[in-house]
Amino acid sequence: MHRSEVTVDLGAVRRNARTLLRALEGSQLWAVVKANAYGHGAVDVAGAVVDEGAGALCVATVTEGLELRAEFSLIRILVMGPTASSREIAEAREAKLELAVWDEEIPEGVRVHLKLDTGMGRWGLAELQKPGAEVVGLMTHLATAESDPDYAAKQIELFRTVTEQYSDLMRHAANSAAALRLPSSRFDAARCGIALYGLSPFGEDPAADGLEPALSWRSYLAQVKQLQPGESTGYGRRFVAEEPTWIGIVPVGYADGFRRDLTGTEVRVSGEPRGVVGTISMDAFAVELEREEPVGAPVTILGQGVLAEEHARVAGTINYELVCGIRADPRRARRVVVDA
Ligand SMILES: *Cc1c(COP(=O)(O)O)cnc(C)c1O
């Protein structure tokens, strides 16, 4: 038996893509599959979303783009991050990747999207110059689409004003949060990542926006034991039993992406919520049981009602970081792709 199994359901990705396409009311869906599709598998996810009618794939680096170009010869691929060298630009040209650009100098022979900084305070031009012939798109990125719609609206209006006279170019500003809840941000296309994976950009239950988590993660109780009062589990003795207490040991740890700050979160053991206790170690964590359970009892770490948003809240982070950190390293875990 594998220590754990990470399952990616491309059917859920497809349904999320359709939900986004409906919300977008005619604007294109550009699927953000950077960072190996937020840990979900870039090539698998890209295949599903292209099928569903995504107009482009967006990645952070030229190398990520080249990996996808090898599989998908026609789809538009946009590299949103900076290009590091003239060699990278040549590779992008060769592979017909499109580049987000915010330098004075526009690379030649590559289709580019000029990026404006309208308030993110990160990549982007402070002012838009007249776009040259290589420019096919104008873009900006929102800093607060999930948390401060007023600030986001200001960014959107600034972008609209500055780009109005170039409305023949593809204009795109929205991420998932904006695509779902800020209709004025949609322009010609929306660059959606997190929502495709069925995760909430708002840190809420994804079902509130009609989204369905695509990734589930299961393991099992590899050992079950009863601690006597005063006995503890794990490094540093952070959990000490006050009364006779059954605990189960799950063979998954921070090396697999079950972060050290997840102590106190809930997983399910045989379908019932159980708390994670003690220090999470590299290869294992402990759960407190209500009664003796058989070795081999199924443990759901994510999926079937166990939300990444809940784990993220306990860990003081966001679902994005949590799923990017899940490593289905074949030497430690099994990765399964289904299309249900
Ligand atoms: C990552 C990224 C997105 C996608 O954001 P989500 O919140 O995951 O939808 C969109 N645009 C840019 C520039 C990004 O870097």
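Note that the structure is a prediction, hence the values are computed from the model and not measured. (Residues numbered from 1 in each chain as written. Predicted model: local features only at pLDDT ≥ 70, side-chain atom pairs only at ≥ 80, totals over all residues. Heavy atoms only, no water.)

**Some details on the sheet that holds strand S9 (residues 189-192)**
Part 1: Strand order in the closed barrel formed by eight strands is S2-S3-S4-S5-S6-S7-S8-S9, with parallel pairing between adjacent strands. Neighbour to neighbour, the strand axes of the sheet diverge by 30° on average, direction disregarded.
Part 2: Alignment of strand S7 (residues 135-140) against strand S8 (residues 170-174), held across three bridges, turns out to be parallel. Directly across from Gly-137, in S8, lies its bridge partner Met-170. (Pairing = 2+ DSSP bridges. Helix = DSSP H or I, 4+ residues; strand = E, 2+ residues; numbered from the N terminus. Axes fitted to C-alpha atoms, helices over the stretch in contact; angles between N-to-C directions.)

**Regarding the site of the ligand**
Part 1: Close to the ligand lie 13 residues, the nearest being Lys-34, Tyr-38, Ser-176, Ile-194 and Tyr-320.
Part 2: One of the side-chain nitrogen or oxygen atoms of Lys-34 is found 2.6 Å away from an oxygen atom of the ligand.
Part 3: Between the ligand and the protein, one listed contact pairs an oxygen atom with a side-chain N or O atom of Tyr-38 at 2.5 Å.
Part 4: In the complex, 92% of the free accessible area of the ligand, which totals 390 Å², lies under the protein chains.
Part 5: Put simply, the parts of the chain that give the shell around the ligand at least two residues each are helix H2 (34-38) and S9.
Part 6: Along the lines of polarity and charge, the residues of the shell around the ligand split into six nonpolar, four polar and three charged. (Near = heavy atom within 4 Å. Polar contact = N/O pair within 3.5 Å; in protein donor to acceptor, adjacent residues only side chain to side chain. Areas by Shrake-Rupley, 256 points an atom, 1.4 Å probe, with all protein chains shown as cover. Nonpolar A, V, L, I, M, F, W, Y, C, P; charged D, E, K, R; others polar.)

**Describing the pattern of salt bridges**
Part 1: One pass over the full model with this rule turns up 28 salt bridges.
Part 2: A salt bridge links Arg-332 to Asp-283; the shortest N-O distance between them is 2.7 Å. Taken together, the residues Arg-332 in the loop between helix H9 (319-324) and strand S19 (334-338) and Asp-283 in the loop between strand S16 (272-277) and strand S17 (285-288) connect sequence positions 49 residues apart.
Part 3: Residues joined by salt bridges that share partners form a network here, namely Arg-14, Arg-18, Asp-51, Glu-52 and Asp-339. (Salt bridge = Lys/Arg side-chain N within 4 Å of Asp/Glu carboxyl O.)

**Remarks on helix H6 (residues 149-163)**
Part 1: Given a rise of 1.5 Å per residue, 15 residues ought to cover 21 Å, and the 21 Å separating the end C-alpha atoms of H6 matches this to within 8%.
Part 2: The set of residues buried in H6 consists of Ala-152, Gln-155, Ile-156, Phe-159 and Thr-163. End-on, the buried residues of H6 take up no more than an arc of 100°, which puts them together on one face. Every exposed residue of H6 that faces more than 90 degrees away from the buried side is listed here: Asp-150, Lys-154 and Thr-161. (Expected span 1.5 Å × (residues − 1). Buried < 20%, exposed > 50% of the residue type's maximum accessible area, 1.4 Å probe, protein only. Arc of directions from axis to C-beta.)

**Remarks on the environment of Ser-219**
Part 1: Inspection of the secondary structure puts Ser-219 in strand S10 (residues 215-220).
Part 2: Look at Ser-219 and you get buried, because its relative accessible area is 9%.
Part 3: Considering only alpha carbons, one finds Ser-219 and Pro-251, 32 residues apart in sequence, at a separation of 7.3 Å.
Part 4: Dropping the residues within four chain positions of it, Ser-219 is found in contact with Arg-3, Ser-4, Val-250, Pro-251, Val-252, Ala-297, Pro-298, Val-299 and Ile-301.
Part 5: For Ser-219, the side chain forms a polar contact with the main-chain oxygen of Arg-3, separated by 2.6 Å. (Contact = heavy atoms within 4.5 Å.)

**Focus: unusual backbone geometry**
Part 1: We note that Ala-35 has phi near 50°; this positive angle belongs to a residue other than glycine.
Part 2: As for its placement among the helices and strands, Ala-35 is situated in helix H2.
Part 3: Taking relative accessible area as the criterion, Ala-35 reaches 38% and is therefore assigned partly exposed.

**Re the packing of helix H4 (residues 62-69) against helix H5 (residues 86-94)**
Part 1: The contact between H4 and H5 brings their axes to 10 Å, and the two run at 25°. Classed by the angle they form, the pair H4 and H5 counts as roughly parallel. Once H4 is placed against H5, the crossing between them reads as left-handed. The segment H4 lies against H5, with Val-62, Thr-63 and Leu-66 engaging Glu-88, Glu-91 and Ala-92. (Parallel < 35°, antiparallel > 145°, perpendicular 65-115°, else oblique. Left-handed = near helix turned anticlockwise from the far one by under 90°.)

**Some thoughts on the pairing of strand S18 (residues 298-302)**
Part 1: For S18, the tally of buried residues reaches four of five residues, placing the bulk of the element in the interior.
Part 2: Of the strand pairs in this sheet, S10 and S18 are connected by four bridges, and their pairing is antiparallel. Bridge assignment links Trp-217 to a residue of S18, and that residue is Leu-302.
Part 3: Two strands pair when backbone bridges link them, and strand S15 (residues 266-269) and S18 are joined in this way by two bridges, in the antiparallel orientation.

**Some details on a negative patch on the surface**
Part 1: Taken together, the side chains of Asp-103, Glu-104, Glu-105 and Glu-108 present a region of like negative charge at the surface.
Part 2: Mapped onto the secondary structure, Asp-103 falls in the loop between strand S5 (98-101) and strand S6 (112-116).
Part 3: On the accessibility criterion, Asp-103 (47% relative accessible area) is partly exposed. (Patch = residues over 30% accessible without salt bridge, like charges linked within 9 Å, V, L, I, M, F, W, Y side chains within 5 Å. Lys, Arg positive; Asp, Glu negative; His and termini not counted. Charge placed at Lys NZ, Arg CZ, Asp CG, Glu CD.)

**As for the environment of Leu-74**
Part 1: With respect to the element layout, Leu-74 can be found in the loop between H4 and strand S4 (76-79).
Part 2: With 22 residues separating them in the primary sequence, Leu-74 and Lys-96 have C-alpha atoms 9.1 Å apart.

**Comments concerning the domain arrangement of the protein chain**
Part 1: When cut into domains, the protein chain gives domain 1 (10-201) and domain 2 (215-338).
Part 2: Centre-to-centre separation of domain 1 and domain 2, based on C-alpha positions: 36 Å.
Part 3: Listed as interface residues are 12 residues of domain 1 and, on the opposing side, 10 residues of domain 2.
Part 4: When the two sides are added together, the surface that domain 1 and domain 2 hide from each other amounts to roughly 950 Å², 57% of it contributed by carbon and sulfur. (Domains from an automatic or database assignment. Buried area = accessible area lost by both parts, 1.4 Å probe.)

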